[in-house]
Amino acid sequence: MPPGRLYRVQGVVLKSAQMGEGDLLVTLLTRDGSKLRAMAWGARKLTSRKMGHLEPLTLVDLALSKTRGIDGITQAQSLETFAVLKSSLEATAKAFYLSELVDGFALEGGPNPPMYDLFLGALRAVQDSADDSAVVLRFQLNLLQVNGFMPELYRCVDCRRRILPGDHRFSVSLGGALCSGCAPPGAAIAPLSLNAMKALRHFHRNPAPDAPRLRIPPALYEEIKSLLDGAVRYWLDRDIRSAKFMEHVDGRKAKTLHPNPSTQGV
Ligand SMILES: [Zn+2]
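For every chain, the first residue of the written sequence is number 1, and numbering continues from 1 onward in sequence order. For a predicted model such as this one, the threshold for reporting local features is a pLDDT of at least 70, and the threshold for listing and counting side-chain atom pairs is 80 or more; totals across whole chains, interfaces and linings nevertheless cover every residue. The basis for the side-chain values is all heavy atoms of the structure; hydrogens and waters are excluded.

Caption draft 1: Molecular detail of the sheet that holds strand S6 (residues 169-171). Within the open sheet, the 3 strands sit side by side as S7-S6-S8. Their pairing is antiparallel. The sheet is open, and its two edges are formed by strand S7 (176-178) and strand S8 (190-191), each paired on a single side. Any two strands between which DSSP finds at least two bridges are classified as paired. The way it works is that DSSP assigns letters per residue, a run of H or I at least four long becomes a helix, a run of E at least two long becomes a strand, and they are numbered from the N terminus. Sheet topology note: the S6/S7 ladder contains 3 bridges and is antiparallel. Pairing of Arg-169 across the sheet is with Leu-178, part of S7.

Right, here's the structure in full:
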């Protein structure tokens, strides 16, 4: 597309950053599932209403002007603001975490429509049921899948025999489940409980973010979360900054729901 040509895109704002003299660098996941960075030149001069269209976690319709460098945003219109989601600290923390993962996996100029559908669906699911802890786990597993990093859950990654119930462990670096008879040298291998295996297979077979709820007790949640966090970190090769914020908010909520017995009645 030659410089100066105008074009439109729809997408979800993943993040925006103030740059220099009041410009705003906006990163989006567009409807084709690719990442796009665009500049709102002089964004501080825009009215606050227009600025609101470029807030993170907003589905927007943008008009852009092609340049030799980074494309410029000439018009912005929000299509879905996720106002209910943003009114909840817990839901916002989860949504920022999902956004950071998507920002990590998405490629500029690399379409991945299933990733867009997965992300938008997960944002809506977080908005509709912020207390459903399975939404983030389901999203992590299926984000790995749509990016070609799905862990093997049905056959041993070493000997390729079918994994039998109760006879399984897990290795992030080897790419999934291992039977108890295999221990390739040098591989980090973690235990994997039967219930964790069942939950992972359930997420794999029911990828829709609004799939029926799965009740996950806290200990099982921690086991699966630790495993999927490890897989996400391994493939992105970095820590996820917003994970700490999400865990802090989750922890605060857990303390509210289950106060330390030693402090009760004080
Ligand atoms: Zn094996």
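Caption draft 2: Focus on the pairing of strand S5 (residues 71-80). Across 2 bridges, strand S3 (residues 35-40) lies against S5 in parallel orientation. Residue pairing in the sheet places Met-39 in a bridge with Gly-72 of S5. Examined bridge by bridge, strand S4 (residues 59-65) and S5 share 7 bridges and lie antiparallel to one another. Considered in S5, the bridge of Leu-59 is made with Glu-80. Hairpin connection, S4 to S5: the antiparallel pair is bridged by 5 residues.

Caption draft 3: Structural context of the coordination of the zinc ion. Bound to the zinc ion on the protein side are Cys-156 (SG), Cys-159 (SG), Cys-179 (SG) and Cys-182 (SG), at distances that span 2.2 to 2.4 Å. For Na, K and Ca the donor cut-off is 3.2 Å; for every other metal, N, O and S atoms count as donors within 2.8 Å. Water does not enter the count, which can leave sites looking incomplete. Geometry assignment treats four donors as tetrahedral when all angles are between 85 and 135 degrees, treats four as square planar and six as octahedral when opposite donors are over 155 degrees apart and all others between 65 and 115, and treats everything else as irregular. Around the zinc ion sit 4 donor atoms, and with donor-metal-donor angles ranging over 102 to 119° the site reads as tetrahedral. The motif formed by the donor residues of the zinc ion, counted along the single chain, is C-x2-C-x19-C-x2-C. Placement of the pair is Cys-156 in the loop between helix H5 (134-146) and S6 and Cys-182 in the loop between S7 and S8, with a sequence separation of 26 residues.

Caption draft 4: Inspection of the environment of Asn-147 at higher detail. Locating Asn-147 in the fold gives a position in the loop between H5 and S6. When its relative accessible area of 18% is taken as the criterion, Asn-147 is described as buried. C-alpha separation for the pair Asn-147 and Asn-112, spaced 35 residues apart in sequence, amounts to 8.0 Å. Sequence-distant contacts of Asn-147, defined by excluding residues within four places in its chain, comprise Phe-105, Asn-112 and Met-115. Within polar-contact distance, the side chain of Asn-147 engages the side chain of Asn-112 at 3.3 Å. Among the polar contacts made by the side chain of Asn-147, one reaches the main-chain carbonyl oxygen of Leu-143 at a distance of 2.9 Å. Accessibility here uses a 1.4 Å probe with only protein chains present; expressed as a share of the type maximum, an area under 20% marks a residue as buried, one over 50% as exposed, and anything in between as partly exposed. Here a residue-residue contact requires only that any non-hydrogen atoms of the pair lie within 4.5 Å. Two N or O atoms count as a polar contact when they lie within 3.5 Å, although within protein this holds only if one can serve as hydrogen donor and the other as acceptor, and sequence-adjacent residues are included solely when both atoms are side-chain atoms.

Caption draft 5: Looking closely at the domain arrangement of the chain. Each domain's extent is set by a domain assignment, obtained either automatically or from a database. Along its sequence, the chain is organised into domain 1 (6-82) and domain 2 (84-241). Here the C-alpha centroids of domain 1 and domain 2 sit 29 Å apart. Of the residues lining the interface, 21 residues belong to domain 1; the matching set on domain 2 comes to 23 residues. What gets called buried area is simply the loss in accessible area from a 1.4 Å probe that two parts show on being joined, summed for both. Counting the surface lost from both domain 1 and domain 2, the interface buries some 1900 Å², and carbon and sulfur atoms represent 62% of this. A per-residue breakdown of the area domain 1 buries against domain 2 is headed by Lys-35, Leu-57 and Phe-82, which together make up 39% of the total. Salt bridges are counted wherever a side-chain nitrogen of Lys or Arg sits within 4 Å of a carboxyl oxygen of Asp or Glu. Taken together, the connections running from domain 1 to domain 2 amount to 5 salt bridges.

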